[in-house]
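# Chain and residue survey
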Amino acid sequence: MRLHGNQVVLRAVTESDIGTLDRIVREPEVAAWWSPPEDYGGMLAVVFEGEVVGAVQFHEETDPEFRHAGIDIFLTARQHGKGLGTDAVRTLARWLVEERGHHRLTIDPAAANTAAIRCYAGVGFKPVGIMRAYARDHRTGTWQDGLLMDLLAAELT
């Protein structure tokens, strides 16, 4: 699979990407929100100007009564604030809606991650509510609140 956004390309993670992604996820600005995955399989590399700058993943609920998809993303800190995350999320969201037939998408950033929340709102995601003590901080072991956001297909910008 290869998805083209306005600035980024999303493609399957290859073995040669793992070292780069492992370094990115350990950057202090990224590690504040992401723990290193056990496996990068199933993720899509976010490529900007030929360089892997992060990864995005999705999961799908296929039960017809609850069908929807969720998205997660991380980018290297040196590319934060340049619109690449918004482009990557929008590109994947369009594919999930147009090609996979999802009518609703979710994303669940840490409630304190205001930059990510702004990024997702730029794609059309809206806050649903705070999920209290939602995710364990891998650095401190404490529970952190998450913000559930969703997007209906018609709201995709």
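Look a little higher up for the structure.
Here is a short report on the structure shown in this document. (Residues numbered from 1 in each chain as written. Predicted model: local features only at pLDDT ≥ 70, side-chain atom pairs only at ≥ 80, totals over all residues. Heavy atoms only, no water.)

### Observations regarding the overall build of the protein chain
The number of helices and strands found in the protein chain is 4 helices and 8 strands. Listed N to C, the secondary structure of the protein chain is β-β-α-α-β-β-β-α-β-α-β-β in terms of helices and strands. Each principal axis of the C-alpha atoms in the protein chain carries an extent, and together these give about 40 × 35 × 30 Å. Intrachain contacts of the protein chain at a sequence separation of at least 6 include 60% that bridge at least 24 residues. Working note: accessible area of the protein chain is about 8400 Å², and carbon and sulfur atoms make up 50% of it. Here the protein chain carries 16 positive and 22 negative side-chain charges, and the mean point of each set is 4 Å from the other. (Helix = DSSP H or I, 4+ residues; strand = E, 2+ residues; numbered from the N terminus. Contact = heavy atoms within 4.5 Å. Areas by Shrake-Rupley, 256 points an atom, 1.4 Å probe, with all protein chains shown as cover. Lys, Arg positive; Asp, Glu negative; His and termini not counted. Charge placed at Lys NZ, Arg CZ, Asp CG, Glu CD.)

### Things to note about the packing of aromatic side chains
Taken as a whole and assessed by the stated rule, the structure comprises 3 aromatic pairs. Ring centres 4.8 Å apart and planes at 65° place the aromatic pair W34 and F74 in the edge-to-face group. With a gap of 40 residues between them, W34 in the loop between α2 (28-31) and β3 (44-48) and F74 in strand β5 (residues 68-75) connect regions that are remote in the sequence. One exposure class covers both W34 and F74, and it is buried. Ring centres 5.3 Å apart and planes at 65° place the aromatic pair F58 and W95 in the edge-to-face group. In this pair, F58 is assigned in strand β4 (residues 51-61) and W95 in helix α3 (residues 84-98), connecting sequence segments 37 residues apart. A relative accessible area of 17% means that W95 is categorised as buried. (Phe/Tyr/Trp six-rings, centres within 6.5 Å; stacked < 30°, edge-to-face > 60°. Buried < 20%, exposed > 50% of the residue type's maximum accessible area, 1.4 Å probe, protein only.)

### Some words on the side chain of D137
Residue position: D137 is located in the loop between β7 (126-136) and β8 (143-152). Side-chain polar atoms of D137 contact the side chain of R139, separated by 2.7 Å. Excluding residues within four positions of it along the chain, D137 makes contact with T142 and Q144. (Polar contact = N/O pair within 3.5 Å; in protein donor to acceptor, adjacent residues only side chain to side chain.)

### A look at the pattern of salt bridges
Side-chain pairing between opposite charges can occur once the charged atoms of the two side chains come close. If you walk through the whole model with that rule in mind, you get 6 salt bridges. Across the pair E51 and R78 runs a salt bridge whose closest N-O atoms are separated by 2.0 Å. Of the two residues, E51 is situated in strand β4 and R78 in the loop between β5 and α3; the sequence distance between them amounts to 27 residues. (Salt bridge = Lys/Arg side-chain N within 4 Å of Asp/Glu carboxyl O.)

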